[in-house]
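# Tertiary structure, described
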Amino acid sequence: MYKQRTPVDKARVRLSLLSLLIVLGACSDSGWNNPYPSADSTKKILYSSFTERPKHLDPVSSYSENEARFTAQVYEPLVQYHYLKRPYELIPLTASKVPEPVFYDAEGRALANDADAQDVARSVYRITIGKGILFQPHPAFATSDAGQFHYHDLDVSDLETRAVLADFQHTGTRELKAADYVYQIKRLMHPRLHSPIAGLMSKYILGLKELGERLRTLDQESSEDAWLDLRTLDFPGARIIDDYTLEITITEKYPQFRYWLAMPFFAPVPWEADYFYSQPGMKERNITLDWYPVGTGPFMLTENNPNRRMILERNPNFRGESYPTQGEAGDREGGLLEDAGKTMPFIDSAYYSLEKEAIPAWQKFLQGYFDASGIVSDSFDQAVQFSLEGDAQLTDEMVAQDIQLATAVKTSILYMGFNMADEVVGGDAQAARLLRRAISIAVDYEEFISIFQNGRGIASQGPLPPGIFGHQHGEAGINHYVYDWVDGAPQRKSIENARALMREAGYPDGRNAATGEPLVLYFEAVSSGAGSKATFNWFRKQFDKLGIELVVRATDYNRFQEKIRKGTGQMFIWGWNADYPDPENFMFLLYGPNAKIDSQGENAVNFRNARFDELFVEMKSMTNGAERQQVIDEMVEILRRESPWAWGLHPTGYSLYHNWYGNSKPNLMARNTLKYKTIDPELRTQKQAQWSKPVLWPIVVALAFLAISLVPAIRAYRASQEAAAR
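From a predicted model like this one, the values you see are computed outputs, not experimental measurements.

Turning to the overall build of the chain, a few remarks are in order. When helices and strands are tallied, the chain shows 21 helices and 26 strands. Over its C-alpha atoms, taken along the principal directions, the chain stretches across nearly 115 × 80 × 60 Å. Going through the 726 residues of the chain one by one, you find that 50% of them count as buried. When contacts within the chain are restricted to residue pairs at least 6 apart in sequence, long-range pairs at least 24 apart make up 71% of them.

The following block contains the structure:
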């Protein structure tokens, strides 16, 4: 039986609550909701967030943006992109210079630098790396005084007390060697690693395909956990000349290969780390290269807790790197050259907190607890407004907080594709061609950008985004099949033009002129929840302008991909982000031999045009210049005429950052940008305190309410005491 509380008991409870509130009220005024220790307030720490755990941090497998924000700070490929210059320019990173190939014919004779692609049988890149570059401290390098590795002969019992990499007491380092780059190139073909570029690179790097076959044989002959020592396997495509020189040979003239050398796939991996992580029991504890990368870069990943946070800290072995001394017009005025020539990195660490929901992350940014932020649709109107001229600018609320806005058209495209193997919308018959053009006019991507993108994007005029060589600006760059040039700007042709094309194609008012049957088209889509319905309805309305009945067939992503692979879809939305800043990286999306249904390539619409394919082969081996521009112009004209895409849009990236966050400039090619950033921790702490002042009046009201409610209890308590005394 429960004991009944007396007035005295109730009074004691209320007094306890009152005491608790008084204690809370006595807390520091440094920000009650500050998620970081007060001791860190003066440190140069960058604060950001992530939404899901990066799946791969091993450079052989990593190929997504959420992974690159970590891997690119740790690993160092041979070359990198200049942080400030546009168009994007390759510069050395660990290499002494950006490598240039020497060309040879089939007989081994050296050719001129401008040799025709058909004459080139080999392109040889001889690359020298810098001396004195050290790997980060890591247990894989730890050795005893006798030179024996501390952790290279472990068994499962040795790992019983070790759950994370930090549990290994000893660390070591060594100098970067050319062999580490060659070792990684071999790892591309490792049968257990499944590199996404293995197939592509095996077409270019001499002998890489054959190396893959040897590795598969060795793997089949070995036990499941056996380590394959790649140092013992030589192949002609990647050779060690000396400790600081390597040679890569590819089987044709392929100027874009040097862009691949800036990607993490070609970052160095030391054999010691590969062996260390391969030992029994490591994988079960997530002590692998996918969780703990090993590099020579300015930062190292010291904490990987995907349910809470990830931490990058300054690599104490980093040699230092100078901030750029040159940029483009406006960089100096924008303060982006104030640190010219200074040694990087400028910050000591970066903390990334798990934030699965966008709104809490946005609120923390506004309170100053995150240094930079993207803009989700729900918060867009709070952050950005458009002038009468259509220019994006910050709202008064953002201006009051000295928040800065950076925008950049992304080197990517989102397009609506027509399956060119389809008997209705595909093929090169004039009726199908006119139907595709009519739809391209009717689907108003300017309206789509306004409604669904918050104005963040520009309608595309062809396959090449701004910033990629070959993209034409102004009137010379418009798609004249879809747009007219009016008052210095492109203007979409009227719906009457589209309806006229429909009649010419044999579909007046959306009906087959021969049979009178309504034209029904099918749109393959990926359903992403309730928000998809509005998008699907919008597309239906666009087709309804032409009298076409659009049937949306929404499914999950796996089923959608299967339809595209088999070529059973009729129309769909697809997109592409540039791997490197070259027109070849977009034009190959429409190259015939890359057709999805034939080769599982990236030509998702299965477009084939003999002249386009001929020009593609010619263009991809050319250097940038007037001659290459002329070839590209002809290719773009073919695509506009044939309309395998309804062109779509190039998204515009919007990012916000606080005024204590320096050297922020969007770079759509480089991922290793953390080293350039600066933080003013004193200003940040000052602003956090200003923006996160506690709202005290609810506590005051609660205290008053408790005080008043205590009066009857106190009176009852005194009465009971007096009665007891009597």
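Attention now goes to helix α8 (residues 358-366). Of all the positions in α8, only Ala361, Trp362, Phe365 and Leu366 are classed as buried. One face of α8 carries all of its buried residues, which in axial projection span an arc of 140 degrees. The inward-facing, buried residues of α8 contact β13 (372-374), α9 (377-383), α10 (396-400), β24 (649-657) and α20 (681-691).

Here the focus is the packing of aromatic side chains. The final tally for this structure, using the stated rule, is 43 aromatic pairs. Pairing Tyr63 with Phe265 gives two aromatic rings, centres 5.0 Å apart and planes at 75 degrees, and the pair type is edge-to-face. Of this pair, Tyr63 sits in the loop between β1 (45-50) and α2 (65-74) while Phe265 sits in the loop between α6 (257-260) and α7 (271-277), and the two are 202 residues apart along the sequence. Aromatic pair Trp227 and Tyr275: ring centres 4.9 Å apart, planes at 80 degrees, arrangement edge-to-face. Of the two residues, Trp227 is situated in the loop between α5 (208-221) and β6 (238-242) and Tyr275 in helix α7; the sequence distance between them amounts to 48 residues. Members of the aromatic cluster, joined through ring pairs, are Tyr445, Phe448, Phe452, Phe523, Trp538 and Phe539. Arg231 extends its terminal NZ or CZ atom over the ring of Trp271, reaching a point 3.8 Å from the ring centre. The ring of Tyr259 carries Arg258 above its face, with NZ or CZ at 5.8 Å from the centroid.

Moving on to the sheet that holds β6. Whenever strands of a sheet pair, they do so through backbone hydrogen bonds, lying parallel or antiparallel. Strand order in the open sheet made by the four strands is β4-β5-β7-β6, with antiparallel pairing throughout. Strands at the two margins of the open sheet, each flanked by one partner only, are β4 (102-104) and β6. Taking each pair of neighbouring strands and ignoring which way they run, the sheet shows an average axis angle of 25 degrees. Here β4 pairs with strand β5 (residues 122-128) via three bridges, running antiparallel. Bridge pairing in β5 links Val102 to Val124. Running at roughly 170 degrees to β6, helix α3 (residues 178-187) makes contact with β6 and β7 (245-250) of the sheet.

By the secondary structure assignment, Tyr88 is in the loop between β2 (79-81) and β3 (90-92). On a C-alpha basis, the gap between Tyr88 and Ala372 in space is 23 Å, while along the polypeptide they are 284 residues apart. The contacts of Tyr88, once residues within four sequence positions are left out, are Tyr81, Thr411, Gly467, Pro581, Asn667, Leu668 and Met669. A polar contact of 3.1 Å, which involves the side chain of Tyr88, links it to the backbone nitrogen of Leu668.

Attention now moves to the packing of helix α12 (residues 445-452) against helix α14 (residues 531-544). Two numbers describe how α12 lies on α14: the axes approach to 12 Å, and their chain directions differ by 160 degrees. Here α14 runs roughly antiparallel to α12, going by the angle between their axes. As α12 runs across α14, the sense of the crossing is right-handed. Two secondary-structure elements touch here, α12 through Tyr445, Glu447, Phe448, Ile451 and Phe452 and α14 through Ala534, Thr535, Trp538, Phe539 and Gln542.

Topologically, Asn479 is positioned in the loop between β18 (457-459) and β19 (483-486). Look at Asn479 and you get buried, because its relative accessible area is 1%. Look past the residues within four positions of Asn479 in its chain and what remains in contact with it is Gln461, Arg640 and Trp647.

A separate point is the sheet that holds strand β8 (residues 299-305). Strand order in this open sheet of four strands is β1-β12-β9-β8, and the pairing throughout is mixed. Only two strands of the sheet have a single partner each, and these edge strands are β1 and β8. Put simply, the sheet's adjacent strands are angled 15 degrees from each other on average, direction ignored. In this structure, β8 lies alongside strand β9 (residues 309-314), joined through six bridges in antiparallel fashion. When the sheet's bridge partners are listed, Met300 is paired in β9 with Glu313.

Conventions adopted
Residues numbered from 1 in each chain as written. Predicted model: local features only at pLDDT ≥ 70, side-chain atom pairs only at ≥ 80, totals over all residues. Heavy atoms only, no water. Helix = DSSP H or I, 4+ residues; strand = E, 2+ residues; numbered from the N terminus. Buried < 20%, exposed > 50% of the residue type's maximum accessible area, 1.4 Å probe, protein only. Contact = heavy atoms within 4.5 Å. Arc of directions from axis to C-beta. Phe/Tyr/Trp six-rings, centres within 6.5 Å; stacked < 30°, edge-to-face > 60°. Lys NZ or Arg CZ within 6 Å of the ring centre and 35° of its normal. Pairing = 2+ DSSP bridges. Axes fitted to C-alpha atoms, helices over the stretch in contact; angles between N-to-C directions. Polar contact = N/O pair within 3.5 Å; in protein donor to acceptor, adjacent residues only side chain to side chain. Parallel < 35°, antiparallel > 145°, perpendicular 65-115°, else oblique. Left-handed = near helix turned anticlockwise from the far one by under 90°.

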